[in-house]
Number of protein chains: 4
Amino acid sequence: MSGNTLGTLFCVTSFGESHGPAIGCVVDGCPPGLALAEADIQSDLDRRKPGTSRHVTQRREPDKVEILSGVFEGLTTGTPIAMLIRNVDQRTKDYSDIAGLFRPGHADYTYWRKYGVRDYRGGGRASARETAVRVAAGAVARKWLAEKFGIVIRGYLAQLGEIPVPFESWDSVAGSPFFAANTSLQPKLEAYMDDLRQAGDSIGARINVVASGVPPGWGEPVFDRLDADIAYAMMGINAVKGVEIGAGFESVCQRGSVHGDEMTPTGFLSNNAGGVLGGVSSGQDIVVSMAVKPASSIRTERRTINRDGEPVTVSTKGRHDPCVGIRAIPVAEAMLALVLIDHALRHRAQCGDVCK
Amino acid sequence: MSGNTLGTLFCVTSFGESHGPAIGCVVDGCPPGLALAEADIQSDLDRRKPGTSRHVTQRREPDKVEILSGVFEGLTTGTPIAMLIRNVDQRTKDYSDIAGLFRPGHADYTYWRKYGVRDYRGGGRASARETAVRVAAGAVARKWLAEKFGIVIRGYLAQLGEIPVPFESWDSVAGSPFFAANTSLQPKLEAYMDDLRQAGDSIGARINVVASGVPPGWGEPVFDRLDADIAYAMMGINAVKGVEIGAGFESVCQRGSVHGDEMTPTGFLSNNAGGVLGGVSSGQDIVVSMAVKPASSIRTERRTINRDGEPVTVSTKGRHDPCVGIRAIPVAEAMLALVLIDHALRHRAQCGDVCK
Amino acid sequence: MSGNTLGTLFCVTSFGESHGPAIGCVVDGCPPGLALAEADIQSDLDRRKPGTSRHVTQRREPDKVEILSGVFEGLTTGTPIAMLIRNVDQRTKDYSDIAGLFRPGHADYTYWRKYGVRDYRGGGRASARETAVRVAAGAVARKWLAEKFGIVIRGYLAQLGEIPVPFESWDSVAGSPFFAANTSLQPKLEAYMDDLRQAGDSIGARINVVASGVPPGWGEPVFDRLDADIAYAMMGINAVKGVEIGAGFESVCQRGSVHGDEMTPTGFLSNNAGGVLGGVSSGQDIVVSMAVKPASSIRTERRTINRDGEPVTVSTKGRHDPCVGIRAIPVAEAMLALVLIDHALRHRAQCGDVCK
Amino acid sequence: MSGNTLGTLFCVTSFGESHGPAIGCVVDGCPPGLALAEADIQSDLDRRKPGTSRHVTQRREPDKVEILSGVFEGLTTGTPIAMLIRNVDQRTKDYSDIAGLFRPGHADYTYWRKYGVRDYRGGGRASARETAVRVAAGAVARKWLAEKFGIVIRGYLAQLGEIPVPFESWDSVAGSPFFAANTSLQPKLEAYMDDLRQAGDSIGARINVVASGVPPGWGEPVFDRLDADIAYAMMGINAVKGVEIGAGFESVCQRGSVHGDEMTPTGFLSNNAGGVLGGVSSGQDIVVSMAVKPASSIRTERRTINRDGEPVTVSTKGRHDPCVGIRAIPVAEAMLALVLIDHALRHRAQCGDVCK
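These figures come from a predicted structure and were not determined experimentally.

## As for the relation of the copies chain A and chain C
Aligned on chain C, chain A shows an RMSD of 0.0 Å; the corresponding rotation is 180 degrees and the shift along the axis is 0.0 Å. What we have between these two chains is a two-fold relation. Residues of chain A ranked by C-alpha distance from the rotation axis are headed by A:A349, positioned 2.2 Å from it. By residue overlap, the copies meet face to face through one surface: 100% of the interface positions of chain A are interface positions in chain C.

## Side note on the interface of chain B and chain A
In this assembly, 111 residues from chain B lie in contact with 111 residues from chain A. Between chain B and chain A, the buried area comes to about 9,000 Å², and carbon and sulfur atoms account for 61% of it. The largest contributions to the chain B side of the interface with chain A come from B:K114, B:F223 and B:K241, which together make up 10% of the buried area. Scanning the region where chain B abuts chain A turns up 4 salt bridges. With a closest N to O distance of 3.6 Å, A:E262 and B:R302 form a salt bridge. Residues that form the side of chain B that touches chain A fall into these classes: 50 nonpolar, 37 polar and 24 charged. One ladder, built from 3 bridges, connects strand β11 (residues 240-245) of chain A with strand β11 (residues 240-245) of chain B; its direction is antiparallel.

## With respect to helix α4 (residues 186-199) of chain A
An α-helical segment advances 3.6 residues per turn. Residues three or four places apart therefore align on the same side. Residues and elements named next belong to chain A. Helix length check: α4, at 14 residues, gives a terminal C-alpha distance of 20 Å against a target of 20 Å (1.5 Å per residue), a fit within 8%. Inspection of α4 places L189, Y192, M193 and L196 among the buried residues, and these make up the whole buried set. Projected down its long axis, α4 carries its buried residues within an arc of 95 degrees, all on one side. The exposed residues of α4 that point more than 90 degrees off its buried face are P187, D195 and Q198. Contacts from the buried residues of α4 go to β8 (152-160), β9 (163-164) and α7 (324-351). Positive backbone phi, at 65 degrees, marks G200, one or two positions downstream of α4.

## Brief notes about the packing of helix α1 (residues 38-48) of chain D against helix α3 (residues 131-149) of chain D
When two helices pack together, their arrangement is given by the angle between their axes and by how far apart the axes lie. All names here are of chain D. Two elements in contact, α1 and α3, have axes whose closest approach is 9 Å; the angle formed by their N-to-C orientations is 135 degrees. In terms of axis orientation, α1 runs oblique to α3. Between α1 and α3 lies a crossing of right-handed hand. Taking contact as the criterion, the partners of D40, I41, D44, L45, R47 and R48 in α1 are, on α3, T131, A132, V135, A136, A139, V140, R142 and K143. Residues belonging to the contact of α1 with α3 are distributed by class as follows: 7 nonpolar, 1 polar and 6 charged.

## With respect to the sheet that holds strand β7 (residues 81-86) of chain A
Each strand in a sheet pairs with its neighbour through backbone hydrogen bonds, running either in the same direction (parallel) or in the opposite one (antiparallel). Residue and element names in this part refer to chain A. Within the open sheet, the 5 strands sit side by side as β1-β2-β3-β7-β4. Their pairing is antiparallel. Lying at the two open borders of the sheet, with one neighbouring strand each, are β1 (5-6) and β4 (65-67). Both β1 and strand β2 (residues 11-16) contribute to a ladder of 2 bridges, which runs antiparallel. Counted as the bridge partner of L6 is V12 from β2.

## Details of the pairing of strand β8 (residues 152-160) of chain B
Residues and elements named next belong to chain B. Of all 9 residues in β8, 7 are buried; the element is thus mostly enclosed. Pairing between β8 and strand β10 (residues 205-212): 8 bridges, direction antiparallel. Each bridged residue has a counterpart across the sheet, and for Y156 the counterpart in β10 is N208. In this antiparallel pair of consecutive strands, β8 and strand β9 (residues 163-164), the connection spans 2 residues, and G161 shows a positive phi of 55 degrees.

## Here's the deal with the packing of helix α3 (residues 131-149) of chain C against helix α7 (residues 324-351) of chain C
Residue and element names in this part refer to chain C. Two elements in contact, α3 and α7, have axes whose closest approach is 7 Å; the angle formed by their N-to-C orientations is 50 degrees. Comparing their axes, α7 and α3 come out oblique. Judged by the twist between their axes, the crossing of α3 over α7 is left-handed. Judged by residue contacts, T131, R134, V135, A137, G138, A141, R142, W144, L145 and K148 of α3 engage P330, V331, E333, A334, M335, A337, L338, L340, I341, A344, L345 and R348 from α7. In the contact of α3 with α7, the residues fall into 15 nonpolar, 2 polar and 5 charged.

## Topic: the interface of chain A and chain C
Interfaces are often described in size by the accessible area the parts lose on coming together. Counting from both sides, the interface comprises 17 residues of chain A and, opposite them, 17 residues of chain C. Buried area between chain A and chain C, both sides added, is near 1,400 Å², and the carbon and sulfur share of it is 53%. On inspection of chain A and its partner chain C, the count reaches 4 salt bridges. Run the count over chain A and chain C and you get 13 residue pairs in polar contact (both at pLDDT 80 or more). Secondary structure elements with two or more residues in the side of chain A that touches chain C: α3 (131-149) and α7 of chain A.

## Some points on helix α5 (residues 226-235) of chain B
For α5(B), the tally of buried residues reaches 10 of 10 residues, placing the bulk of the element in the interior. Buried within α5(B) we find B:L226, B:D227, B:A228, B:D229, B:I230, B:A231, B:Y232, B:A233, B:M234 and B:M235.

## Re the packing of aromatic side chains
Using the criterion set out here, one finds 44 aromatic pairs over all chains in the structure. A ring pair is formed by B:Y111 and B:Y115, whose centres lie 5.9 Å apart and whose planes are at 80 degrees; its orientation type is edge-to-face. In this pair, B:Y111 and B:Y115 both sit in helix α2 (residues 108-115), 4 residues apart, roughly one turn of the helix. In this structure B:Y115 comes out as buried when scored by relative accessible area, which is 3%. Ring centres of C:Y156 and C:W170 lie 5.4 Å apart, and the angle between their planes is 80 degrees; on these two criteria the pair is classed as edge-to-face. Note that C:Y156 is positioned in strand β8 (residues 152-160) and C:W170 in the loop between β9 (163-164) and α4 (186-199), a separation of 14 residues in sequence. The class for C:Y156 is buried, based on a relative accessible area of 10%. Taking relative accessible area as the criterion, C:W170 reaches 23% and is therefore assigned partly exposed. A network of ring pairs unites the aromatic residues A:F102, A:Y109, A:W112 and B:F268 as a single cluster. We note D:K114 situated over the ring of D:Y115; from NZ or CZ to the ring centre the distance is 5.7 Å.

## A few points about the sheet that holds strand β10 (residues 205-212) of chain D
The 10 strands are arranged β9(C)-β8(C)-β10(C)-β16(C)-β11(C)-β11(D)-β16(D)-β10(D)-β8(D)-β9(D) in an open sheet whose pairing can be described as antiparallel. Whereas interior strands pair on both sides, the edge strands pair on one side only; in this sheet they are β9 of chain C together with β9 (163-164) of chain D.

## Focus: unusual backbone geometry
Positive phi values are uncommon outside glycine, yet B:D63 reaches one of about 50 degrees. Residue placement: B:D63 occurs in the loop between α1 (38-48) and β4 (65-67). Of note, C:F179 is a non-glycine position whose phi angle comes to about 55 degrees, a positive value. Among the residues examined, C:F179 registers a relative accessible area of 8% and is labelled buried.

## A closer look at the side chain of C:H259
If you trace the backbone, C:H259 turns up in helix α6 (residues 256-259). The class of C:H259 is buried, set by a relative accessible area of 2%. One polar contact links C:H259 to C:Q254, side chain to side chain, over a distance of 2.6 Å. Excluding anything up to four places from it in sequence, C:H259 contacts C:A247, C:S251, C:Q254, C:N272, D:K293 and D:P294.

## Details of the environment of D:A211
Residue and element names in this part refer to chain D. Within the element layout of this structure, A211 appears in strand β10. Overall, A211 belongs to the buried group, its relative accessible area being 0%. Once the C-alpha coordinates of A211 and A337 are considered, the two residues, 126 residues apart in sequence, prove to be 8.3 Å apart. Discounting chain neighbours no more than four positions away, the residues touching A211 are V152, I153, D285, I286, L336 and L340.

About the thresholds
- Residues numbered from 1 in each chain as written.
- Chains lettered and ligands numbered in written order.
- Predicted model: local features only at pLDDT ≥ 70, side-chain atom pairs only at ≥ 80, totals over all residues.
- Heavy atoms only, no water.
- Least-squares fit on C-alpha atoms with pLDDT ≥ 70 in both.
- Contact = heavy atoms within 4.5 Å.
- Buried area = accessible area lost by both parts, 1.4 Å probe.
- Salt bridge = Lys/Arg side-chain N within 4 Å of Asp/Glu carboxyl O.
- Nonpolar A, V, L, I, M, F, W, Y, C, P; charged D, E, K, R; others polar.
- Pairing = 2+ DSSP bridges.
- Helix = DSSP H or I, 4+ residues; strand = E, 2+ residues; numbered from the N terminus.
- Expected span 1.5 Å × (residues − 1).
- Buried < 20%, exposed > 50% of the residue type's maximum accessible area, 1.4 Å probe, protein only.
- Arc of directions from axis to C-beta.
- Axes fitted to C-alpha atoms, helices over the stretch in contact; angles between N-to-C directions.
- Parallel < 35°, antiparallel > 145°, perpendicular 65-115°, else oblique.
- Left-handed = near helix turned anticlockwise from the far one by under 90°.
- Polar contact = N/O pair within 3.5 Å; in protein donor to acceptor, adjacent residues only side chain to side chain.
- Phe/Tyr/Trp six-rings, centres within 6.5 Å; stacked < 30°, edge-to-face > 60°.
- Lys NZ or Arg CZ within 6 Å of the ring centre and 35° of its normal.

This is how it looks when you write it as structure tokens:
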């Protein structure tokens, strides 16, 4: 119940600092008998890993995962699956300048106030590097969801700073350095990012994630609603500042006669609900959108204080993502997968006898 | 760990249906020695209760709370505080028409798919009536937070449908049937609501909640971030479809040099973070905004299906809120109080020896 | 996660003091569609209730249960089942003498040290009266276990003070005021208890509980072993000081060649394991034995201290059980039922696809 | 909440199989600022490790621990502490004979029924090897308990098969290959073990663990009693079949006037309670005793069945402990430390303001 474990039945415990020896996680509660190999996980990790284009951090981490337990003769055994990723490209000296001060918008200050000590190297535990292990755990979840229910979970960049990136096709996402579901905007996005990098600044993004094939009935009515758990999972990704389900903030201006998705014998006529009604999945696509703030590690000089409370300025060196929203997309997919498998297991625990 | 308990250390277990004999909750983990009487809880319940103006449901529920345990000689004893609210004004016959069909946008359908049975009377467990017990539990939490830390938690209506309701003063909220922090707009809001009621339709709203006086250091870095738990709590309120912390979706278009709140020896220069950095409170105001969808129980006729999958139409009678966002405000305050007290206790458990 | 909730998926939250207005519980996570009425619960409560013979406390509590939620048209709906039992025969004045001092062997002292306040009336929360709600919750669990798996859970008195009470037949238990599975010893047990009562003293007991029909595969290997959770549940009953599974402490002197239960195509040849191997049920009877200490509320005068740390003597008036072990038997059955249903649900959550 | 995580606030997640690449754990919730190095953990691991005398398994595992996270510049940071122990001396071929059958008294059968697959190499997850990680986690807990409260946790062998081993002095324990608090019996114990080994059989044991210096007030009254959580933790150690607190099963024959520990201004006059009253620590020593069954991996031939349900015989080769109770002693100490630190944190969370 400490803050580094996610899930009630499919539990992921995350550990590791950006510049420590390793990061990793333990997945407990995975159904037995699932075919699983390191390659299944590596493919998702490769989508998130740094250094894949000039638009993301240039830290060179192979993010090679080692499965330490829970898999025997190619199958999960139902016991904990520990996964380990060694850190190999730390440049800790980049951080000595910020050991004694707090970057604006960063966890530097709050960690120090909370714990009284802080591993400042690369942001320590607050580094987005930690999210690699969520992707690893999510890969296990999504494999089971796909094989058992045919569920497909996909994300894309919906907006980069001021530039909306309209959804055109899922086919475009894999080839885009921005996870854009849109090919025509690529030159514009690249120019935008090049300018930003040159300016030593960073930018926010909106990212969307969709799960298709989720059966009706997953979720809980009151507190542990499916959408509440999704909001928790997404707001728990570094830098996320807002989460919407379905119509989201648009529903503020909608009338009930417009918002409520009408039903016919062949299905729903719209999806303002985003696939969740009363906290329980309806069988429609689960549609989630989130705001990712601009990274706080930027070259631009800013005012702050040091540990002694004195005014100083800070400009962050090191290798950082100018738009953390981009690489957050596979992370958001993983988080959605983790919430869904947990509710899949919870649902069959309580309602395994219901046939409707 | 079933879905009707909130919190890790300050735990609220909710029970009860809209048209059953009673609703209530059990608060477990409350610090001992807190002066507590039913009157402390009643005042918050009265802010949420139905029938206070013509703009909310006309169901007449006194929402009178009875404390059944956990208080002795006027002080909490540290044992569970059970609180009971009897239902007194059910009109179950209003619901016989919808027993066999599903209102668009309502949990009717998903409950039926999940459980195979459904207490259709007044929405059963999915009724907003359940939120009264959250307000009761929240009243305990906010009393402790106020007495121990001087924390103040307040909410207001920020937008009603298309009408933004700018914040002017907290003083206006108590006298407004809409919880508006603004007096000049009241005639406009009243006219809007009257039209809506006449039209037999409902409307969404944006509501904001602010907690002042929260010390730095509350929250957890990775999954159980303070903002993640707030998002979970708020998305767990009936009809909420979106949650923002601080700049929220505005941060999509912000540059890092703008978003990151600069610090000086006398404090932060802005609050885009909304009081949370890296999942941990910074000492600034915790600022939360959320979208509440329009209610799905409306008189306007809509297409749907019945239990046999046949096409039918539905028009809901009964006494319903045309804008559930209004009465959701005290609920959102309560949920924020519950998240904060839980993290207050978690923080001193782990970091009780830290002095920074 | 506070201490008054039991279970991971089938969760029971208990509340109430001995001399407060009521005791009760909320059962969350019950499978939907179970036929349930108050009469189903009352029959178990009646087995535990006070005043059924001269050998137990003479407090007159009808222990009449009211179901407040979670049941609709005779079936559980999958939402929380709240159950309420009003206290009707408090005699609080009996306790004014002990308000300022601590009975030897009683929670008086530790509650006061923990919480700084204490509801001394009738032992408050530490009263065995609280266990009535466990019986109520257990009745729901055992009904589901019986209907779904044919599981039968039964307990009996195995030893009263120095008198072993050999098991002869389950048929004897219902007619015995001592829950003895043995009729011939009844006069001896009655004489023993009459002497004890006259002496103003109390006595310990050994009680056994057996669950038949539990399928193989329930439980978890490492921490949440089925036997570990049973030990937790039983040691969590007031006055229990020891718990054994299967051969228990006899296994200290056993050789491996004797202890290990051999298997044949028609089943196991012995049951030293008590139905649990490696934390997981084997399909044999689950066999649990426990030691219940003598009650600490006795007329015999004893040395103690008061709140000011001064030496005083204490002799407890009021109506108390001379052997709390007797009425603990239905409680132990209930606790076993609660552990089993929780693991039944957990097992099908993770291993619902396994067919072995 | 899956079965491989222990604790509510100080959480230990265990992973790893006996013959997989590694075992390890993640400790989440450790207070920050604790001085911690691998050497602090290694000394406890060395007490449990195999091969230290001819009376335990001859598997040669250095049990060298690597801290992967959560410690920075010699201090815990409050973030998860991951610890890894590589397996280096597997002899998997020893187990090929038992891949298709079930050892009497072993988890072989129940794992297979639960999961449908089973890592049979060295018992996989059911191996006592897993307990090394509990010792590692416990070392962190006991260091904090010692430094913050002066708590000392010690265990000893109280009985080996039929031979009682009376407690004489804690000083004897460290030098005894049996963790005996008694030097005079050593030749007898050695002869007993030599005979047993020659006979190809195994034997049970009784072990005691004592925690001194625990302040009053730790624990919870109803379900999560300190003694209930201790019973859960101890019964969760491989091969434990019975747990007692204080007088334990002796209390069956005790009268209340004998059992209840009288109090005087200078303290309690006895400790039948074993340091726990009403689920809450009294300030006296916490005294726990447990029965450890004989190991099921023995050379003696026994009847069993294979996966096809056919009758076969089995005789286990490999390197096994003839008395698993011996090496269980440091494990039991670790488990007690883990329960105590968890309740220390829980107590100050809820009752941090109480001064009594």
